[in-house]
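Architecture at a glance
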Amino acid sequence: MNYRSLQGGEAVSFETAVRRGLAPDNGLYFPTDIPQLPASFFENIAKLSKEEIGFEVIRPFVAPEIDDASLLQIVTETLCFDFPLVSLDEKTAVLELFHGPTLAFKDVGARFMSRCLAYFNKKQTSVHNTVLVATSGDTGGAVADGFLGVSGIEVAILYPEGKVSDIQERQLTTLGRNVKAFAVAGSFDDCQAMVKRAFLDSDFRDLGLTSANSINVARWLPQMMYYFLAYAAAENKQQLAICVPSGNFGNICAGMIAKKMGLPIAHFVAATNVNDTVPRYMQTNELDPKPTIPTISNAMDVSIPSNFVRVLELFPGDSLSQLFSAVAFTDAETKVAMRQLYDTFGYVADPHGAVGYLGLRAFQKTHPDYYGIFLETAHPIKFPEVVEDTLQLTLSYPVAVQKLLNLEKKFERISSYSDLKAKLLH
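Residues numbered from 1 in each chain as written. Predicted model: local features only at pLDDT ≥ 70, side-chain atom pairs only at ≥ 80, totals over all residues. Heavy atoms only, no water.

Scanning the protein chain from N- to C-terminus turns up 19 helices and 14 strands. Here the C-alpha radius of gyration of the protein chain, 20 Å, is about what a compact globule of 426 residues would show, namely 22 Å. C-alpha extents for the protein chain along the principal axes are approximately 55 × 50 × 45 Å. Looking at the protein chain as a whole, 58% of its 426 residues qualify as buried. (Helix = DSSP H or I, 4+ residues; strand = E, 2+ residues; numbered from the N terminus. Rg over C-alpha atoms; globule rule 2.2 N^0.38 Å. Buried < 20%, exposed > 50% of the residue type's maximum accessible area, 1.4 Å probe, protein only.)

And the structure:
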């Protein structure tokens with residue numbers, strides 16, 4: 001499989017796309033082909049292990065650059081935790097994606113990418129990379145954990161100071177070793193703009209910059225595995241709708257690639273907070289980003305969703321509206337949904353999952369015959385203040401979080417691209 005920039009230019013290998021992160025013309029890499037899976041795969045999918053499913057769906061995107069035995073090992077290490085589909089009622093289930101080491105759905109992409117880079121670096125021992133990533137919350141922790149101690153790789157994480165939760169900040173600032181954290185005076189969009197600018201800066205050529213945001217194909221594509229796993233576990237596979245809490249739109253775009261490969265999901269719903277660039281686009285057909293507004297679902301505080309151009313590439317024109325819709329919700333509505341989930345089902349959701357639940361319910365109001373799945377993308381303990389205040393309960397800390405509480409946060413503050421450049425080239 002080769003990859004081309006959505007801005008144009010010649011196709012490159014999977015390894016080149018992973019190492020570069022962003023194409024030289026500032027475009028996102030995109031597969032030159034979308035492989036089709038045979039009908040027999042879907043007929044037998046419920047009998048397959050999660051490792052077998054993951055291997056089959058990702059293999060066409062990386063072969064022949066990673067041999068089958070190595071790829072199976074990478075997939076096995078990537079999917080080394082559970083992805084339970086929890087039934088709430090006869091028409092609704094929640095896919096929990098927070099059982100990995102950093103308690104967020106980003107763990108799969110970060111683990112897969114780190115192992116792909118480690119595989120490539122074994123072949124070229126003189127090659128070193130600096131992974132530069134912007135985070136609105138969960139990506140930073142997942143990348144820090146996934147790349148910690150990986151030979152030949154340094155990690156630099158940019159996050160908006162004061163706009164991530166305490167636990168999210170601890171996950172990316174307490175590891176040390178080959179991981180450095182930079183607190184940016186600004187929004188996630190400011191962080192992301194710095195990352196993109198760095199990739200075009202010739203002064204960084206010797207650092208071997210690559211990104212572990214969902215702009216990187218090795219971080220983005222593995223997320224398609226969620227949707228195959230959800231389909232395999234679903235009791236009702238007819239008229240299936242999936243709602244994805246969405247910020248940078250990498251996760252839902254990976255699901256729509258799965259759809260393009262043949263996965264029989266009838267409809268996708270993107271649920272956002274008040275940073276509603278895409279919901280407004282679906283009404284006006286114009287991308288009109290507005291200043292980012294901080295919310296209680298901070299991982300979705302994104303006004304310029306990079307991956308939406310990939311969505312448009314997958315399903316151009318009218319074909320998109322036939323299988324995709326987008327809707328936005330306020331913090332007040334999110335808290336009501338958290339309360340409803342707890343009072344009705346005894347389910348404790350984080351703010352992002354609650355937004356996903358709202359999006360699914362909004363779709364089912366006009367499509368009552370659809371079986372719906374919404375994604376719970378982060379453990380509630382990552383947002384203890386809002387969850388405990390809203391539900392009037394006390395959360396217990398998982399072991400993965402307990403060990404962070406007494407560690408010292410180590411980060412450097414920056415307020416401009418020149419600050420970042422000076423820190424990285426020091």
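Structure's up, so let's keep going.
Turning to the pattern of salt bridges, a few remarks are in order. Overall, the coordinates contain 17 salt bridges when judged by the stated rule. In this structure, the salt-bridge partner of K50 is E51, at a minimum N-O distance of 3.5 Å. Two residues, K290 and D288, come together in a salt bridge whose shortest N-O distance is 3.4 Å. With relative accessibility at 44%, the residue K290 sits in the partly exposed group. A relative accessible area of 37% means that D288 is categorised as partly exposed. Look at the salt bridges and you will find they share partners, linking D166, E169, R170 and K409 into a network. (Salt bridge = Lys/Arg side-chain N within 4 Å of Asp/Glu carboxyl O.)

Another point: the packing of helix α15 (residues 331-345) against helix α17 (residues 384-391). One way to put it is that α15 packs onto α17 with a least axis distance of 9 Å and a crossing angle of 65°. As α15 runs across α17, the sense of the crossing is right-handed. Residue-level contacts link K335, M338, R339 and Y342 of α15 to V386, V387, T390 and L391 of α17. A per-class count over the contact of α15 with α17 returns 5 nonpolar, 1 polar and 2 charged. (Axes fitted to C-alpha atoms, helices over the stretch in contact; angles between N-to-C directions. Left-handed = near helix turned anticlockwise from the far one by under 90°. Contact = heavy atoms within 4.5 Å. Nonpolar A, V, L, I, M, F, W, Y, C, P; charged D, E, K, R; others polar.)

Our focus in this paragraph is helix α3 (residues 50-62). Between its first and last C-alpha, α3 extends 18 Å over 13 residues, near the 18 Å set by a 1.5 Å rise per residue. Remark: the principal bend of α3, roughly 25°, maps to E56, with a proline, P60, within the next four residues. (Expected span 1.5 Å × (residues − 1). Bend = angle between axes of the 7 residues up to and from the residue.)

So, on to the sheet that holds strand β6 (residues 129-134). Taking strand neighbours across the sheet as the criterion, the 5 strands line up as β9-β6-β7-β8-β14 in an open arrangement whose pairing is parallel. Of all the strands in the sheet, just β9 (209-210) and β14 (412-414) have a single pairing partner and so form its edges. By the bridge criterion, 3 bridges tie strand β8 (residues 179-184) to β14 in an arrangement that is parallel. Considered in β14, the bridge of V184 is made with I414. Contacts from helix α8 (residues 188-199) reach β6, β7 (153-160), β8, β9 and β14 within the one sheet, and its direction differs from that of β6 by about 150°. Across the sheet, helix α19 (residues 417-425) is in contact with β6, β7, β8 and β14; its angle to β14 comes to roughly 140°. (Pairing = 2+ DSSP bridges.)

Turning our eyes to something else, we now look at the domain arrangement of the protein chain. Under the domain assignment, the protein chain is made up of domain 1 (82-105 + 219-391) and domain 2 (128-207 + 397-425). Placing a centre on the C-alpha atoms of domain 1 and another on those of domain 2 gives a separation of 25 Å. Between domain 1 and domain 2, the residue contacts involve 21 residues of the former and 22 residues of the latter. Interface area, domain 1 with domain 2, both sides summed: about 1,700 Å², of which 54% is carbon and sulfur. Where domain 1 packs against domain 2, one counts 0 salt bridges. Where domain 1 touches domain 2, the interface holds 12 residue pairs in polar contact (both at pLDDT 80 or more). (Domains from an automatic or database assignment. Buried area = accessible area lost by both parts, 1.4 Å probe. Polar contact = N/O pair within 3.5 Å; in protein donor to acceptor, adjacent residues only side chain to side chain.)

Next up on the list: the nonpolar core. With 98 residues, the main nonpolar core has F14, F228 and F324 as its most contacted residues. In terms of residues, this core owes the most to one element, helix α10 (residues 224-233), which gives 9 residues. Core analysis: the next-biggest nonpolar cluster, separate from the first, contains 34 residues, V94, A337, L341 and I381 among them. (Core = buried A, V, L, I, M, F, W, Y, C linked by side-chain atoms within 4.5 Å.)

With that settled, consider the UniProt feature "modified residue: N6-(pyridoxal phosphate)lysine" (unreviewed entry) in the protein chain. UniProt annotation of "modified residue: N6-(pyridoxal phosphate)lysine" (unreviewed entry) refers to K106 when read in the numbering used here. Mapping K106 onto the fold places it in helix α5 (residues 106-123). When near neighbours in sequence (up to four residues on either side) are disregarded, K106 contacts D138, T139, A142, R219 and Y226. (UniProt positions renumbered as here; feature names shortened; annotations may be inferred.)

So, on to the packing of α3 against helix α4 (residues 68-78). Their axes nearest at 9 Å, the elements α3 and α4 cross at an angle of 125°. Overall, the two elements α3 and α4 adopt an arrangement that is oblique. In the crossing of α3 with α4, the sense of the turn from one axis to the other is right-handed. In contact with E51, G54, F55, I58, R59 and V62 of α3, α4 contributes D68, L71, L72, V75 and T76. By residue class, the composition of the contact of α3 with α4 is 6 nonpolar, 2 polar and 3 charged. (Parallel < 35°, antiparallel > 145°, perpendicular 65-115°, else oblique.)

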